[in-house]
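Fold and contact review
Letter by letter, the chains look like this.
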Amino acid sequence: TATTRAVLGACKERQESWDSERANKFFADLQENEVRTMHYLGLAYMVLARRPRLQVKVPLATLNYDDGAAAAGSGERGGFAMQLIFTCPSGYPLQVPQVEIVEKRNISDALEQALHEEIAQTLEQHLGVQMIVPVVTRLQMLLNTEMRRPSQ
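Residues numbered from 1 in each chain as written. Predicted model: local features only at pLDDT ≥ 70, side-chain atom pairs only at ≥ 80, totals over all residues. Heavy atoms only, no water.

Glancing now at the overall build of the protein. When helices and strands are tallied, the protein shows three helices and four strands. Listed by position from the N terminus, the elements making up the protein come as α-β-β-β-β-α-α. Relative to its full complement of 152 residues, the protein shows a buried share of 32%. Total accessible area on the protein is roughly 9,700 Å²; 53% of this is exposed by carbon and sulfur atoms. (Helix = DSSP H or I, 4+ residues; strand = E, 2+ residues; numbered from the N terminus. Buried < 20%, exposed > 50% of the residue type's maximum accessible area, 1.4 Å probe, protein only. Areas by Shrake-Rupley, 256 points an atom, 1.4 Å probe, with all protein chains shown as cover.)

Okay, structure coming up:
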């Protein structure tokens, strides 16, 4: 009957709404857990936004970075520094975040390309789990490795 169909339709709509609300809360909780992980690990970060999308800014630099300048007369090149901005879609971590490299200091085009490749590879490997911390860790390692290479 028409009444039965209306009741079943209303129940189905309520169930879909509930599932959507539950999924949104689940993803928001996962995103909050990632922020907590960064805090507990002692990583520097700044939350730019939590809703509607998590957006986090993370600074990275080599230990010898001093405003990009080499120590006077030392013959050493200056270190590297940059900021990463992660913008997570509502379905993160089942969807990859957008990662921007901004405020670059002493980052060559070749190094930036290597950083982007490392970001893409790390995101692919960690799809479905936390991605920000692994990206930050891998890029910090890449910067440190690059810093140890002799100047050319």
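Moving on, we get to the sheet that holds strand β4 (residues 98-105). Taking strand neighbours across the sheet as the criterion, the four strands line up as β1-β2-β3-β4 in an open arrangement whose pairing is antiparallel. Because the sheet does not close on itself, it has two edges, and the strands there are β1 (46-49) and β4. Ignoring strand direction, the axes of neighbouring strands in this sheet form an average angle of 25 degrees. Sheet topology places strand β3 (residues 81-87) next to β4; six bridges connect them, and they run antiparallel. Looking at β4, one finds that Leu 84 is bridged to Ile 101. With respect to the sheet, helix α2 (residues 109-125) is in contact with β3 and β4, its orientation differing from that of β4 by roughly 155 degrees. (Pairing = 2+ DSSP bridges. Axes fitted to C-alpha atoms, helices over the stretch in contact; angles between N-to-C directions. Contact = heavy atoms within 4.5 Å.)

Evaluated as defined, the whole model comprises six salt bridges. The residue Arg 50 makes a salt bridge to Glu 32 at a minimum N-O spacing of 2.5 Å. With Arg 50 in the loop between β1 and β2 (55-61) and Glu 32 in helix α1 (residues 2-41), this residue pair connects regions lying 18 residues apart in the sequence. (Salt bridge = Lys/Arg side-chain N within 4 Å of Asp/Glu carboxyl O.)

Moving on to the packing of α2 against helix α3 (residues 132-148). Put simply, α2 and α3 touch, their axes get as near as 9 Å, and they point 150 degrees apart. Considering the angle they form, α2 stands roughly antiparallel to α3. The hand of the α2/α3 crossing is right-handed. Between α2 and α3, the contacting residues are Leu 111, Ala 114, Leu 115, Glu 118, Ile 119, Gln 121, Thr 122, Leu 123 and Gln 125 on the first element and Pro 134, Val 135, Arg 138, Leu 139, Leu 142, Leu 143 and Glu 146 on the second. Classifying every residue of the contact of α2 with α3 gives 10 nonpolar, three polar and three charged. (Parallel < 35°, antiparallel > 145°, perpendicular 65-115°, else oblique. Left-handed = near helix turned anticlockwise from the far one by under 90°. Nonpolar A, V, L, I, M, F, W, Y, C, P; charged D, E, K, R; others polar.)

Between the first and last C-alpha of α2 there are 24 Å, a value that for 17 residues agrees with the 24 Å anticipated at 1.5 Å per step. Looking only at α2, the buried set comprises Leu 111, Glu 112, Leu 115, Glu 118, Ile 119, Thr 122 and Leu 123. All buried residues of α2 lie within an arc of 130 degrees about the axis, which places them on one face of the element. Across from the buried face of α2, at angles greater than 90 degrees, the exposed residues are Asp 109, Ala 110 and Glu 124. Along its buried surface, α2 packs onto β3, β4 and α3. (Expected span 1.5 Å × (residues − 1). Arc of directions from axis to C-beta.)

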